[in-house]
Amino acid sequence: MEPYRIKAVEPLPMTTRAQREAALRRVRYNLFALRADEVTIDLLTDSGTGALSAAQWAAGAAGDESYAGSRSFHRFQEVVSELTSCPYILPVHQGRAAERILFSALLSPGSITLGNTHFDTTRANVELSGGRAVDLPCREAQDLDSDEPFKGNIDLRRLKDALCGPDASRVAAVIMTLTNNGGGGQPVSMDNLARAATLCREHGVPLFLDAARFAENAWLVTRHEPAYHGVSPREVAEEAFSLADGCLMSAKKDGIAHIGGFLGLRDPALAERCRLLLVATEGFPTYGGLAGRDLDMIAQGLTEVTDPHYLRSRAEAARHLAQLARDAGISILEPPGLHAIYLNAGRLLPHIPPHRFPGHALACQLYVEGGIRSVELGSLYLGKEDENGDPVTTAPFELLRLALPRRTYTLSHLNHVGETLARTAENRDRIPGYRLIHASPVLRHFHSELEPTPL
């Protein structure tokens with residue numbers, strides 16, 4: 001059972017199929033553009049969508065809104081420093097602000113960042129700083145059906161080759177994302193992280209953790225890495241942070257907060273460059289674009305997120321939804337992680353080619369069938385087309401992510417998702433593909449406009 005009881009409730013929007021079909025037409029089939037009150041179960045993201053605890057609300061009420069040197073900042077700094085062991089802590093309004101500040105201070109035109117898999121905003125901020133993001137996922141990640149437990153790992157051989165290769169002088173950083181969201185929410189083993197850290201030290205390249213889901217990664221390590229059986233998630237997390245030269249985090253995930261994030265750094269010179277950018281673009285270093293109440297809520301969330309009872313409940317919810325998808329005849333990326341289930345839309349909808357976006361087609365159908373909002377991670381997200389709409393590059397897999405907000409939906413809500421998945425799978429042959437009619441040059445899946453194509 002969930003290790004909490006519900007203290008406040010919010011009505012779910014209930015809509016008809018006709019209303020949902022009209023809403024999709026109005027927003028030109030971009031689910032990001034839907035109004036929240038048109039969505040019954042919102043699995044678009046787990047970022048900032050969780051429920052706060054009573055202790056977090058209480059901490060927020062006691063927040064100190066002083067411009068400089070607030071009590072809230074000092075509590076936040078103490079909690080984050082204790083967790084990460086980083087001496088320099090810079091609060092920011094969310095993770096992509098941390099990315100922008102770090103990469104602006106660290107990268108120059110032509111720089112390269114290496115990673116297990118850069119997520120969309122990470123890649124965008126690398127590119128906006130003039131750099132190039134190179135993904136080095138492990139070989140096990142290519143098999144969606146295997147039960148290999150650490151598909152989020154970086155390929156250590158390819159990492160070594162890149163650090164020794166002809167472009168080695170251009171490698172400015174290695175970014176390890178925990179868990180590997182762009183790779184299906186799969187965890188990184190401590191052994192892989194430690195070996196990557198050793199390679200980075202040997203070649204003088206800083207290693208940073210994108211630690212948005214550090215606690216979920218730590219939980220999966222305690223479940224699947226023999227050397228860490230019996231070790232607490234908190235201890236695993238502290239060890240992971242100690243291996244890196246710094247970290248960036250969206251606290252909207254494993255901070256269980258609605259807004260906020262931070263940069264944690266060890267290098268005083270880099271910290272000073274980042275601090276100057278922070279002051280110019282986010283705010284004074286003791287609030288960084290956040291209210292004092294936000295800093296207190298994040299600090300409290302970071303103390304709650306490594307509770308094994310909470311993490312076990314989150315894993316059970318993900319496991320339940322994964323089985324509902326399998327029961328509906330829909331393949332998922334195995335094994336399921338904690339923050340999301342990734343549906344294999346390409347396998348479910350083989351009649352839709354990649355440049356007609358099967359993942360997005362499935363997302364639209366789930367909304368029409370059951371008012372469920374989700375997000376495609378396939379060729380709409382990663383692919384490119386020419387001026388005629390023909391594919392230039394496509395994604396390696398056509399996936400649909402069902403993200404699980406923290407402490408928000410009960411198992412009966414997930415059962416509704418399962419029933420919707422089953423109805424959708426029964427009528428899979430009737431689902432059309434989509435074509436782009438407008439796309440922005442950066443993060444196009446946020447702003448694209450589409451229309452269905454004839455079957």
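It should be noted that the structure appears before, not after, this text.
Residues numbered from 1 in each chain as written. Predicted model: local features only at pLDDT ≥ 70, side-chain atom pairs only at ≥ 80, totals over all residues. Heavy atoms only, no water.

A. Representation of a negative patch on the surface in the model. A cluster of like negative charges, contributed by Glu140, Asp143, Asp147 and Glu148, occupies part of the molecular surface. Within the fold, Asp147 resides in the loop between β4 (132–135) and α6 (156–164). (Patch = residues over 30% accessible without salt bridge, like charges linked within 9 Å, V, L, I, M, F, W, Y side chains within 5 Å. Areas by Shrake-Rupley, 256 points an atom, 1.4 Å probe, with all protein chains shown as cover. Salt bridge = Lys/Arg side-chain N within 4 Å of Asp/Glu carboxyl O. Lys, Arg positive; Asp, Glu negative; His and termini not counted. Charge placed at Lys NZ, Arg CZ, Asp CG, Glu CD. Helix = DSSP H or I, 4+ residues; strand = E, 2+ residues; numbered from the N terminus.)

B. Highlighting the packing of aromatic side chains. Tallied over the full model, the rule gives seven aromatic pairs. Consider the rings of Phe32 and Phe446, whose centres lie 4.9 Å apart with planes at 80°: the pair is edge-to-face. In this pair, Phe32 sits in the loop between α1 (17–26) and β1 (41–42) while Phe446 sits in helix α17 (residues 444–447), placing the two residues 414 residues apart along the sequence. Given the relative accessible area of 30%, Phe32 is considered partly exposed. Its end group placed over the ring of Trp219, Arg223 keeps NZ or CZ at 4.3 Å from the ring centre. (Phe/Tyr/Trp six-rings, centres within 6.5 Å; stacked < 30°, edge-to-face > 60°. Buried < 20%, exposed > 50% of the residue type's maximum accessible area, 1.4 Å probe, protein only. Lys NZ or Arg CZ within 6 Å of the ring centre and 35° of its normal.)

C. How the structure looks around the layout of surface pockets. Empty space within the largest pocket amounts to approximately 1200 Å³. Ala8, Gly50, Ala51, Arg407 and Thr408 are, among the 34 residues lining the largest pocket, the residues nearest its centre. Split into classes, the residues belonging to the lining of the largest pocket amount to 18 nonpolar, nine polar and seven charged. If you add up the space inside the second largest pocket, you get close to 1000 Å³. Taken together, 37 residues line the second largest pocket, and the ones lying closest to its centre are Arg123, Asp135, Tyr381, Leu382 and Gly383. Mapped by element, the contributors of at least two residues to the lining of the second largest pocket are α5 (120–128), β4, α15 (379–382) and α17. The element best represented in the lining of the second largest pocket is α5, accounting for five residues. Class assignment for the residues of the lining of the second largest pocket results in 18 nonpolar, 12 polar and seven charged. (1 Å grid on protein atoms, 1.4 Å probe; cavity = no way out; pocket = protein on both sides within 12 Å on 5 of 7 lines; lining within 4 Å. Points joined across faces, edges and corners; volume = space filled by probe spheres on them. Nonpolar A, V, L, I, M, F, W, Y, C, P; charged D, E, K, R; others polar.)

D. Layout of the sheet that holds β4. Sheet architecture is open: seven strands sit in the order β2-β8-β7-β6-β5-β3-β4, paired in mixed fashion. This sheet does not close on itself; its edge strands, each paired only once, are β2 (88–92) and β4. Strand-to-strand twist across the sheet, computed as the mean angle between neighbouring axes with direction ignored, equals 20°. In terms of strand pairing, strand β5 (residues 171–177) meets strand β6 (residues 207–210) through four bridges, oriented parallel. Residue pairing for β6: Val174 is matched across the bridge by Leu207. On the sheet, α5 packs against β3 (112–115), β4 and β6 and is oriented at approximately 140° with respect to β4. Contacting β2, β6 and β8 (261–265), helix α10 (residues 268–281) runs over the sheet at an angle of about 20° to β2. (Pairing = 2+ DSSP bridges. Axes fitted to C-alpha atoms, helices over the stretch in contact; angles between N-to-C directions. Contact = heavy atoms within 4.5 Å.)

E. View of the sheet that holds strand β9 (residues 340–344). The strand order β9-β14-β11 describes an open sheet built from three strands, whose pairing is antiparallel. The open sheet has two edge strands, β9 and β11 (375–377), and neither has a second partner. The average angle at which neighbouring strand axes cross in this sheet is 35°, direction not considered. Pairing geometry for β9 and strand β14 (residues 399–403), over five bridges, is antiparallel. By the bridge assignment, Leu343 is partnered in β14 with Leu400. Of the strands in this sheet, β9, β11 and β14 touch helix α14 (residues 358–370), which is tilted by about 45° from β14.

F. Highlighting the environment of Thr122. Summarising the element assignment, Thr122 is placed in helix α5. Here the side chain of Thr122 touches Glu99 through a polar contact of 2.7 Å, side chain to side chain. (Polar contact = N/O pair within 3.5 Å; in protein donor to acceptor, adjacent residues only side chain to side chain.)

G. Broad picture of the side chain of Gln94. Mapped onto the fold, Gln94 is located in the loop between β2 and α4 (95–106). With residues near it in sequence (within four places) discarded, Gln94 still touches Lys252, Ile259, Gly260 and Gly261.

H. How the structure looks around unusual backbone geometry. Note that the residue after Leu178, namely Thr179, is joined by a cis bond; omega there is -20°. Within the secondary structure, Thr179 is located in the loop between β5 and α7 (190–202). Note the cis peptide between Glu334 and Pro335, where omega equals -15°. Structurally, Pro335 can be placed in the loop between α12 (308–327) and β9. In this model, Tyr29 sits at a positive phi of 60°, which is unusual for a non-glycine residue. If you trace the backbone, Tyr29 turns up in the loop between α1 and β1. Although it is not a glycine, Ile256 sits at a positive phi angle of roughly 45°. Along the chain, the position of Ile256 falls in the loop between β7 (246–250) and β8. Residue classification places Ile256 among the buried residues on the basis of a relative accessible area of 2%.

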